[in-house]
Structure formats: C-alpha cells, structure tokens
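Read off the chains here:
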Amino acid sequence: MAAKARSLFDTAIMLPAVVDSFRKLNPFSMLKNPVMFVTEVGAGITTAVLFIRSGDEPVGFILQIALWLWFTVLFANFAEAMAEGRGKAQANELRKTRTKTLANRIHENGDIEQVPADQLRKNNMVIISAGEVIPADGEIIEGVATVDESAITGESAPVIREAGGDRSAVTGGTRVLSDRIKVVVTANPGESFLDRMINLVEGAKRQKTPNEIALTILLSALTIIFLVVIMSLKFFGLYSGMSFSITVLVALLVCLIPTTIGGLLSAIGIAGIDRLVQKNVLAMSGRAVEAAGDVDVLLLDKTGTITLGDRQATEFIPAEGVTMQELASAAQLASLADETPEGRSIVVLAKQHGLRGRPIAELPHAQFQPFTAQTRMSGVDIDGRKIRKGAASAVCDFIGKAFPLDVQGALNRISQSGGTPLVVVDGEKALGVIHLKDIVKGGLKDRFDRFRAMGIKTVMITGDNRLTAAAIAAEAGVDDFVAEAKPEDKLALIRREQAEGHLVAMTGDGTNDAPALAQSDVGVAMNTGTQAAKEAGNMVDLDSNPTKLLEIVEIGKQMLITRGALTTFSIANDVAKYFAIIPAMLIGVFPVIAPLNIMGLQSASSAVLSAVIFNALIIIALIPLALRGVQFRPVGAVVMLRRNLLIYGLGGLVVPFAGIKIIDILVNAFHFV
Amino acid sequence: MDMYGWIQLALFAGLLLALTKPLGVYLASVLDAGGKTFLDPVLQPCEKLLYRLFSIKSQDEQNWQQYAVSLSVFSLVSLLFSYAVLRLQHVLPLNPQGFGPVSPDLAFNTAVSFTTNTNWQSYGGESTLSYFSQMVGLTLHNFVSAAAGIAVATALVRGLSRHSARTIGCFWVDLVRINLYLLLPLSLILAVFLVSQGVVQNFKPYAAAKLLEPHTAVAPAITNIATQTIAQGPMASQVAIKMLGTNGGGFMNANAAHPYENPTPLANFLQMLAIFLIPSSLTYYLGRMVKNQRHGWAVWAAMLLLFLAGLTVCWQAESAGNPRMHALGVNPLGGNMEGKEVRFGIFNSALFATVTTDASCGAVNAMHDSFTPLGGLIPLLNIQLGEVVFGGVGAGLYGMLVFVVLTVFLAGLMVGRTPEYVGKKIEAYDVKMSALAILILILSILGFTAWAVVSNWGLAGLNNQGPHGLSEIIYAYSSATGNNGSAFAGLTTNTPWLNTTLAFAMLFGRFFMIVPILALAGNLAKKKLLPQSEGSFPVTGLTFVVLLVGTILIVGALTFVPVLSLGPVVEHFLMTKSAVVF
C-alpha cells in the first residue's frame, strides 16, 4: 500500500466527504453519537419553528440559526467522513494489490488445477513460481524464494521467504521474483490480513474503543445536564415574566453541549488508526492503538530492535599454538552449514583471511551439525575431526573440560566489551575464539531517555549471557534486561509485569513468540514473521522494523492526548458562550444587566447568532487538528499536562471570546440581523 | 473588610490546617476495623458489647451492594423511628411544655431531614418539639447520619486504595466505630466547652421573664405583652454534634443566632471550626490511604481556595452594603447589617454563612435572605457546587472525589494515557456512576424549582416577588437536595406541598447520590492498583489544584449560571443600577 502522508485537503477525499456528510444526516446513524443527535434534533425543531412561527421573532433570524445548526451537524459529519475517506483511500490502495489472480491449487491426489484466487480456502496448497502473484496469505512449506513485497510495504528491495524458521509467511498480493514455492493457504477469502485491514481503515465496522465509550458516556451526561438546564430555564423565564423563544433556547442548548468534541470524537479515533497505517503498521483494532498509549513497559528484543540486525564476526583470536589460518579454516568448516547470519558472517570473515568459500557439495563425507537453540552449537564431522563452534558454555559441556587460560582470557575480554565470543574446538582442543559484535542502533539512548521521562520502562531481552547483555544494555540505555532468556521467559516476564499492573508491549516474529505476543497488551508482529506470530499479535509492522514499537507508542499517546485536549477545549468554551447568550436573553426584560455583556456584542440576536456560528465553525477549524493529532513531545506527565492545559484549557476559555466578538462584528457589518 | 476580619480568617485557616493532620491520623485508626486508638481501654469494651448485642461479626466485610443495603435499611428504620417519635411526642416523656403531635407532613419532612443529615427545619424547635423529640428523635440522627456519611466516604477511599478487592468494609462496624471513637468523644468535649461559654443544658420548663418595658402589639390583634417566654432545654449536647456532624439543625428556631446556642465570640469561632474539622481531616485520611499524602493536601488546598474565594466575595458584598440604603442616609461604612446579629457583625456572619454552606451544615447565625444579592449568591452557589468545599462530614469528601474522578477523566487523557487516578483506571462504569451522582443533584434542584416557580403551591409561600423570590425557592431546593438544611427563608415552607417535595429532594440528594458512589467504590476496589510512574496523571501540585478548581467551577457551576443570572445576578444589577422595586 506504500502509504504516503496525504495532504489534509486532498480534493479526491474532500468531495466524497461532503456528499457523505449529508448521507450521515440519517437520524438512525446519528444515534450512536448522542451529542450530535441532540444537535440534529435541535436543528430540526428550529426548522419546524420557521413554519409554525408564533411571536415576533424575525424569520431571518430563525432561518439563520436553523441553517447554522444544520451546518454544525454537517461539519461534524464532514469531520468523520474526512477521516473515513482518508482511511478508504488507504484501503483502495490495499485493494489494488488484490488483482484477480489465478492460483495453481494442488489437489489431494497431486494434480494441479488453476482456480481463481478467491476460491482458495484455508489449508489449500498452491504452487507459485517466479513472476506470479501470491494469491492468498499463507505459509511456505517447501522451497525458498525472493519476494517483492513493495505492494504492501513500499520497500522495493526484495526479501527472502523460505520454508521453516521465522520467515515463512507470505502475504497475498505480493509477487514471487525467483524460484518456486509451495504454500499452504492460511486464510479464507475475506478473512485475510488485508481484508481485516481494509475493514478497519474504512471504519465500516469500527468498534468504539473502551476509552471512547467512557468519553461518550460523559458527553451524553453533560448533554442531559444541559437539556435539564435549558428546559428548566423556560420555567424560570416564565416566573420572571419572559417567554424565551424556542429558537434561542435551542441555540443556547447546542452551544452548551460539547459539540466540538462530540463532533470530532470518531474522526480522532479513525485518524489514529490512519496514522499508524501511514507508518506501515496495521492495527487489528482501535483498542490496540489506545492500549499502545497506555503501555508502560516495552519488551525489546535485543537483536534487530536495539542492535543493528545481526551480530557480525569481526575477529578471530587463536589459542596458544594455533595459527590464525588453522582457526579460520576450522571456523569456516564449522559454519558452512550454519545458515544463521552469524554463521554466514564467520564464513565472510574467513574469506577475508584468504579462505575461499567451500560449497557444501564439495564435502560429501562431511556430516554437518546444524545450529539449534538447544545445543547452541553447530559444526561438522569430517575426516574423523569433530569441529564445533558455539557459545562457551555449550562448547565447554561438549569437550567436557575447562578451556585453557588464554582462551578463557579472550572470552572474558570479549564478553566484558559487550561482544559475543564463540569458541571453536577440534575434538577436545580449543582452537580459539571468534569475536561476534553487536552494533547498537544510533539515537536509541536518547529515545529511551525520553521514554523514561514519560514513565515507560524499557526491558531488553536477549539470549546472551549476563555480561554481554549488561554491556549492550548500558550502551543502549535500557532500564533493565533479561539475559540468557529462553522464549518461554518472555511469557513469564510479561505475566509478571502484568500482575504488577503494568501494560506491556513487545515485538516478535517467531512462532515461539506467539504466546508472548498474545499475552502482551500490545503485540506487534513482524510482517516477515510466521503466521502464528501475526495471528497472536494485535498489530503487524509491514516494514518488520522492531524499533517502530516506539513510534507506535507515540501514536497511541498522541491519539489519547488529542481526544483529551479537544474535550477540555470544548468544555472550556462554554464560559464564553454563556457570556454571549445569557445577557442577550435577559436584556429585554432587565436592561440593567448590560454590564454582563462584556464582549460588547451589538444586539441580542447578533449575540445568539454569533455564538451559534462560532460553535459550528470551531468544528471545521479543528478538523485538521483532529486528523493530524496534537503535537506530541515525549515529556513527563506533569510537564505535558501543564503544557496542554495552558494551550487547550486556557485557550478554550479565551478563544471563543475573541471568536464570538469577531463574528458579531461581521454579522452586523453584513446586516445579517 | 477590616483588619480584625483578616486576622480572624488567618487564625481560622491556620487552626484548621494545624488540626487536619492529627485528627486525620486518628481517623485512619478509627476507620480501620482493627485499628488501635488511645481510647481503646475505655471504648473497646463498649464496641465489643455493641457487636455482640447486634451480632455484628467485625471481621466480615461487605461488597458494595451489601454495604448499600445495610445503609439504606438502617436509614429507613431510623427514619420511621423518628417519624413515630414526632407523631407520638404528646404521649412520650420529657415534654414539659405539653406540645401536641407533629402534623404528618411536617413529621415526615423533619424525619427525612434529620435522617439525610440535612436538618432542614420547617418547624421552630422551641415552639414545636418536646425535649424527648429533640434528644431522641433528632439528635440520634445527628450522630448516625453523620457517621453514615463518613462511612460512605471511607468506603470510597477503601475502593481507591485496595488492590483487586471484592469488599469495601462493613457498614455496621464503620457505624459503631465512627460514633464511638470519633463523634461521641469530640461532641462531649465540645459540649462541655460550650456549657462553659453559657450554652444551656437542662430539662426545665420554659422560663417566663417579666418585661421591663411592656409593649402593645398591633398585629394580628391588639395585645398587651408584659412577659417573655424564654425557652430552655438540653442545648449544648445537641449544638456540639450539630456542628461536628455538619447537621445544622438548631435547638432553637434562630439556630446559632440565638444567644443560648451561640453565646460568645469564642463559641462562635469554635463552632465554625467544628464544622470544618472532620471534613478537613478526611482529606488527610485520603492521602494516607492512597499512600500519596501530597494528594490529600492538594485536595485540601483546592477546598481552601474555593472557600477563600467564596468568603472574599461574600464578605466584600456584605461590607459594601446596599447603595439604596446609603441613598437614604445609612452610613455606608456599616455595611449591610440587615438580618445580622450585632454581636457577630459583618465578617463573622459572612464567614459563618460561607462555612455552613461550604460544608453541608446549615446552621446559621445570620439571615441569608437579608444578605446582599452577591453575598447571598455565595451560600447558594456553595450548596449548588455539591458542598464539596470541605463539605459535609464524609459527604464533602465523596462529593469532591466525584469531581476528582471527572477531572482526571476529562483532563487525564491529555497526558497520553487512559485516565488513571491514584493507580486506578477510570473507565466507562466509573464515569457513568460519577456522572449519575452529579446528574441527580442537578435534576432534583432544577426540576423541583422549575415545578415550584410555575405552581400555585410554590408561589403561595413566597414573601418576595421577582428575582429575590426565585432565589428563595431555588435556595430551598438546593439546600434540601444538597442536604444542607440552611434556609434563605422568606419562603413559608411549612405547607404540605413544600414539606413533601422538599422531603423528596432531601431523599434524592442523599440516597441517589450515595448508591452510585458506593457502586463506584465497589468498582474501583475490584481494579488492579497500577504502579505510579512519571507518566501517571499527576494528582498533586499546583497544576492539579487549579485543574480541580476549574472543573468544579465549570462542570459544577455552569449548570446554574442561567438560574443564578435570573436570581441574584439580576437582583444585584437592579439594586446597584436601577430604582426598580419588587
């Protein structure tokens, strides 16, 4: 989908949004937003008053109030339609990826038949060759291929997908560039990852998030309160010898109920998801985006998140009596069948020592021992030699005795520097040490510091030993680390943090990450990861960049702040509106209250009309803010609260005084009343 | 606004501040079922005896529903008891004046009024009630309704401070302990002190004094008056708890303006302090329980700020006096002395009026009806804000906590997290209950008033027309709903319609508020207590205090702006800027 930041006033989105704002006037669809529903009813009543007018209220005045009340509703609808439109535009780009393709389905009897992609069902097998589009989400069960995923990620460099391991998932709509793979389909049509995503950004089946529900309740309560206030005011007026007109009472009601936030609330939520999509992150629900703002513990895998990709072999340190060449040769042999990036980097380093790469086929007698998480070693049995390389403790167990002092010294030195030493042995003889180095990503320390200021704890999780882990943790500036972690430790850690009341976010890609992803409050699966991981998490990062977790948290917070800021602004506005309308209502019978008209509005009707116009226009004025989100700076809660309170609280008190005054001047200048 | 006023104010605020912590610490042990106090050697046997007598198992805690049912049943039974006492006072003992039974609607109104801690008085105490009715029928409630208020506040604070708990304490244990360890000892001390100041405490029949200057009354009929009846009775014991329990129901019709109830400046000063004493200490208790003492003080500071603001306006308005009187030659320096005891003067009347309405006390030492429009606006607004400025015992704290919850929810999002208050997430249910509590108050005040101002029964008792009449009616329903009990007066309320509607306003204001609050307490208790961090919503410091005050004023006061504009505000402008007479 290669999402780009879209201009706020893209006509392709604005025009349909205008049409949609009218379609949304349907009272049944308005019911889900009580504040705007009341506004619409108010608009309806004033329109009716036009026709059954009694008393001496000028038609022009009622007409203008009625029009502006309708505008208020339309503007709110427009905000929602704009947000949805932006989501739809994203969705359309997503849809483009699902051109009608044919799939080569493998029958149970082994025959291959061509079927349209939308006829594929879960557990069907398909064969995809170079040049073909992958017809559905699935998992490679055979083969390896380079895949162009630019349609989804916007990244033009092809990626490798292969059976087994953690990079076996393929996404429908991407294209195989080379080789041929056999894929088992993992999603029925309409349930795929893309489908769910399209539904979400389109907002068609958008569920209100818990926080939105709570806010809607409060806004509804305020609406009821002001309804009671306005209805009782009619009676107090009768007692005081004034007959307040329905038009003015409705105008006051609409001005007092929180229309600004009521009108923008759903737009803010949709825009939050939209902003994530622009970062190439697909959230499975709005709830997940909200949870991202609440997270206070980040569980970060060292590899890929904190350090740049993989560890690289940088140095061979031969043991006493072993030549560099011997060590390099043994290290190379032991790593030939080691497909891990570290293994490959050893082969590369050996090449720099003058050893050419030896294809496995050249060594028919060799018995390769692949690297496994359990043995934590790899190696080869060749010509009676048992060459192994691996973590010191694993190799130590293998040879059954302690390393010589100089090897031990090299091990300690490397560990203390934060590197990872691998020991190479031939039989029982330690040949030397390979220095694997982690490279910490730039700018992380600063970022973690800012997170700390926001009260978010970062925990690095790694399979490395404590020394290595501590060195990298110190370099990266994380708060805590878990060393020598096994996959199940992640789950245990998350449970422990959650029991203490923390909300935990993590990234993961492997199948063994799935339980932890499911347990975490925000689980971001890498798009390159396995299907199991993607299903377990509640977000997927299309770029498969684990560091993006930090941005996800920021977007979650930004969405919550936007909601809070506009709520505060909306409610603070009421003060000025009272000062505009109440004197206007009373001045007819009690001219003495003129000093209360502190804005110096020119007449009673222009005061009421100006307040209503301001109330409508402020919604339009705040749409960009609702869609973009308020400016976010990672600072502590105290500073953030004070800053936002000054801008949106104090601003909410002051702005309408100025706004209503200006509108009043214009209204009178053009003789609208 | 003279210097003596400022000195007294400083003394008042200073003493309140000094007493808050010690009593707060003591409260914490009283409100803990297993807490130890220095009074244990004397009172523990009584406590145990009471538990055995009513077969209360002090270890068994209740969930919020059970707590609410216990409280409601207890209130209903004691309400019926008081109703019976009032209706049967002519056959009950201690009735030296031989008063007859109280009429059904007045008895209902009065029983409700004391059960709800309102102490609205549609009757004159010394001319209607026997000593038995006062002591047993009413003073009983001064203790137990105050204790019930504190109990609800305690339950809410427990809800805030517990981690994933099912229960919020036991109502019966709270009721017993609060009365035994807190209200009785404090009342005893204050009563004895008041006696030393000259408050009477006896069971004598009323005394007759021969007037030095007999005079002739002309209305309703020409009569020669040569003697004055001077009421007697067990006043000190009732006055002490009327202040400490923020009840406010005076023994005498004149309440704290009567020299027998409030004889000296010192007695006046201490009575005002007694009103704020427990509510103020409860904020310390709050801080202690949620393990954030600075939060307790922040709430206290917000209360003090609102108190000082209200007092300053009221005091200023009363000192400025009435320009129309000045035009007639009254010395402007005297301020507005109409309806005030000369003994207390402007400052002590303004302070008393502010204190009694900040708290839900309702005792008065001056006629609120005679205050200047803005001076009278303050007591009215204080009540309409929900009496959260220190407030009633317990009721002030739980009312304030509802505002805190709303504040945290409204502004809490602005720190980029789901709103969270002292480690408790504020979610839909909590918002619903808090909003409900506020909504009910507003509905009752505005609903009943709107009904009354267009009804013959509502207007019949009105002694003033125009804006002032509106103020009188809205004050009555605000006071009843807010369980304050003070009257603007000027409205004859002892009529079946007003007695009944006011009684319902009192019931709504009390129980429809308590139930949502206990539900809130129960729901908060269930939640996990989240660890606090730099990212948590700050509930201490100046920003929070300003925010809380702002929310109270905007959410609480804005609702009443229209009606206040039609009442006191218009009246103020009429007084200062026109010659219109109503």
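Residues numbered from 1 in each chain as written. Chains lettered and ligands numbered in written order. Predicted model: local features only at pLDDT ≥ 70, side-chain atom pairs only at ≥ 80, totals over all residues. Heavy atoms only, no water.

### A short note on a nonpolar patch on the surface
Residue and element names in this part refer to chain A.
Next up, step 1: A surface patch of nonpolar side chains, about 500 Å² in accessible area, is lined by I662, L666, F670, F672 and V673.
Next up, step 2: With respect to the secondary-structure elements, L666 resides in helix α23 (residues 637–669).
Next up, step 3: Looking at L666, the relative accessible area reads 45%, which means it is partly exposed. (Patch = residues over 30% accessible without salt bridge, like charges linked within 9 Å, V, L, I, M, F, W, Y side chains within 5 Å. Areas by Shrake-Rupley, 256 points an atom, 1.4 Å probe, with all protein chains shown as cover. Salt bridge = Lys/Arg side-chain N within 4 Å of Asp/Glu carboxyl O. Helix = DSSP H or I, 4+ residues; strand = E, 2+ residues; numbered from the N terminus. Buried < 20%, exposed > 50% of the residue type's maximum accessible area, 1.4 Å probe, protein only.)

### Brief notes about helix α17 (residues 466–476) of chain A
All names here are of chain A.
Next up, step 1: Listed in full, the buried residues belonging to α17 are T468, A469, A471, I472, A473 and A476.
Next up, step 2: Packing partners of the buried residues in α17 comprise α11 (302–306), α15 (405–416), β16 (420–426), α16 (444–453), β18 (457–461) and β19 (480–482).
Next up, step 3: At the exit of α17 stands G477, carrying a positive phi of roughly 80°. (Contact = heavy atoms within 4.5 Å.)

### Quick look at the packing of aromatic side chains
Next up, step 1: Enumeration over the complete set of coordinates arrives at 34 aromatic pairs over all chains.
Next up, step 2: With a centroid separation of 5.7 Å and 10° between ring planes, the pair formed by F71 of chain A and F75 of chain A is classed as stacked. Taken together, the positions of F71 of chain A and F75 of chain A, both in helix α4 (residues 59–96) and four residues apart, correspond to about one turn of that helix.
Next up, step 3: Residue F71 of chain A is classed as partly exposed on the basis of its relative accessible area, which comes to 31%.
Next up, step 4: For F75 of chain A, a relative accessible area of 16% gives the class buried.
Next up, step 5: Ring geometry for F276 of chain B and F390 of chain B: centres 4.5 Å apart, planes at 40°, overall tilted. You can see F276 of chain B sitting in helix α9 (residues 265–289) and its partner F390 of chain B sitting in the loop between α13 (373–384) and α14 (395–412), a full 114 residues away along the chain.
Next up, step 6: Given the relative accessible area of 0%, F276 of chain B is considered buried.
Next up, step 7: The exposure class of F390 of chain B is buried, given its relative accessible area of 0%.
Next up, step 8: Pairwise contacts between aromatic rings join F108, F448, W451, W457, Y477, W497, F504, F508 and F512 of chain B into one cluster. (Phe/Tyr/Trp six-rings, centres within 6.5 Å; stacked < 30°, edge-to-face > 60°.)

### Observations concerning the sheet that holds strand β4 (residues 138–142) of chain A
All names here are of chain A.
Next up, step 1: Across the sheet, six strands lie side by side as β2-β1-β3-β9-β4-β7; this open sheet has antiparallel pairing. Only two strands of the sheet have a single partner each, and these edge strands are β2 (112–116) and β7 (169–170).
Next up, step 2: Relative to β2, strand β1 (residues 102–106) runs antiparallel, the two being bridged by five bridges. Each residue of the ladder has a partner; that of L102, found in β2, is P116. (Pairing = 2+ DSSP bridges.)

### Observations concerning the interface of chain A and chain B
Next up, step 1: If you look at the interface, chain A gives 63 residues, while chain B gives 64 residues.
Next up, step 2: Contact between chain A and chain B buries roughly 5100 Å² in total, counting both sides, with carbon and sulfur atoms accounting for 79%.
Next up, step 3: It is F236, Y239 and L641 of chain A that lose the most area in chain A upon contact with chain B, and together they represent 15% of the buried surface on that side.
Next up, step 4: Taken together, the links from chain A to chain B amount to one salt bridge.
Next up, step 5: Close ionic contact of K425 of chain B with D294 of chain A constitutes a salt bridge, the shortest N to O distance being 3.9 Å.
Next up, step 6: The interface formed by chain A and chain B contains nine residue pairs in polar contact (both at pLDDT 80 or more).
Next up, step 7: Contributions of two or more residues to the side of chain A that touches chain B are made by α7 (210–239), α10 (286–294), α16, α18 (487–499), α21 (549–586) and α23 of chain A.
Next up, step 8: Counting residues per element, the side of chain A that touches chain B draws most heavily on α7 of chain A, which supplies 19 residues.
Next up, step 9: Partitioning the side of chain A that touches chain B into residue classes produces 41 nonpolar, 14 polar and eight charged. (Buried area = accessible area lost by both parts, 1.4 Å probe. Polar contact = N/O pair within 3.5 Å; in protein donor to acceptor, adjacent residues only side chain to side chain. Nonpolar A, V, L, I, M, F, W, Y, C, P; charged D, E, K, R; others polar.)

### A word on the sheet that holds strand β22 (residues 539–541) of chain A
Working definition: the strands of a sheet are paired by backbone hydrogen bonds and lie parallel or antiparallel to each other.
Residues and elements named next belong to chain A.
Next up, step 1: Taken together, the seven strands give an open sheet; going across it, the order is β10-β22-β21-β20-β11-β18-β19, and neighbouring strands pair in mixed fashion. What marks the edges here is a single partner per strand, and that holds for β10 (281–283) and β19. Each neighbouring strand pair of the sheet contributes to a mean axis angle of 20°, computed without reference to strand direction.
Next up, step 2: Set on the sheet, α18 makes contact with β11 (297–301), β18, β19 and β20 (504–508); between it and β20 the angle comes to about 165°. (Axes fitted to C-alpha atoms, helices over the stretch in contact; angles between N-to-C directions.)

### Brief notes about unusual backbone geometry
All names here are of chain B.
Next up, step 1: Positive phi outside glycine occurs at N255, with the angle close to 55°.
Next up, step 2: Here N255 shows up in the loop between α8 (235–244) and α9.
Next up, step 3: One non-glycine residue, E387, adopts positive backbone phi at about 50°.
Next up, step 4: Here E387 is to be found in the loop between α13 and α14.

### Comments concerning helix α9 (residues 259–278) of chain A
All names here are of chain A.
Next up, step 1: When the terminal C-alpha atoms of α9 are compared, their 29 Å separation across 20 residues agrees well with the 28 Å that a helix rising 1.5 Å per residue should span.
Next up, step 2: Of all bends in α9, the biggest is about 40°, found at L265.
Next up, step 3: In terms of burial, α9 is a largely internal element, 19 of the 20 residues being buried.
Next up, step 4: A positive phi of about 65° marks N280, the residue just after α9. (Expected span 1.5 Å × (residues − 1). Bend = angle between axes of the 7 residues up to and from the residue.)

### Description of the pairing of β4 of chain A
Residues and elements named next belong to chain A.
Next up, step 1: Note that β4 and β7 share two bridges and pair antiparallel. Among the inter-strand pairings, E139 is bridged to a residue of β7, identified as A169.
Next up, step 2: Relative to strand β9 (residues 180–185), β4 runs antiparallel, the two sharing four bridges. Paired with E142 across the bridge in β9 is K182.

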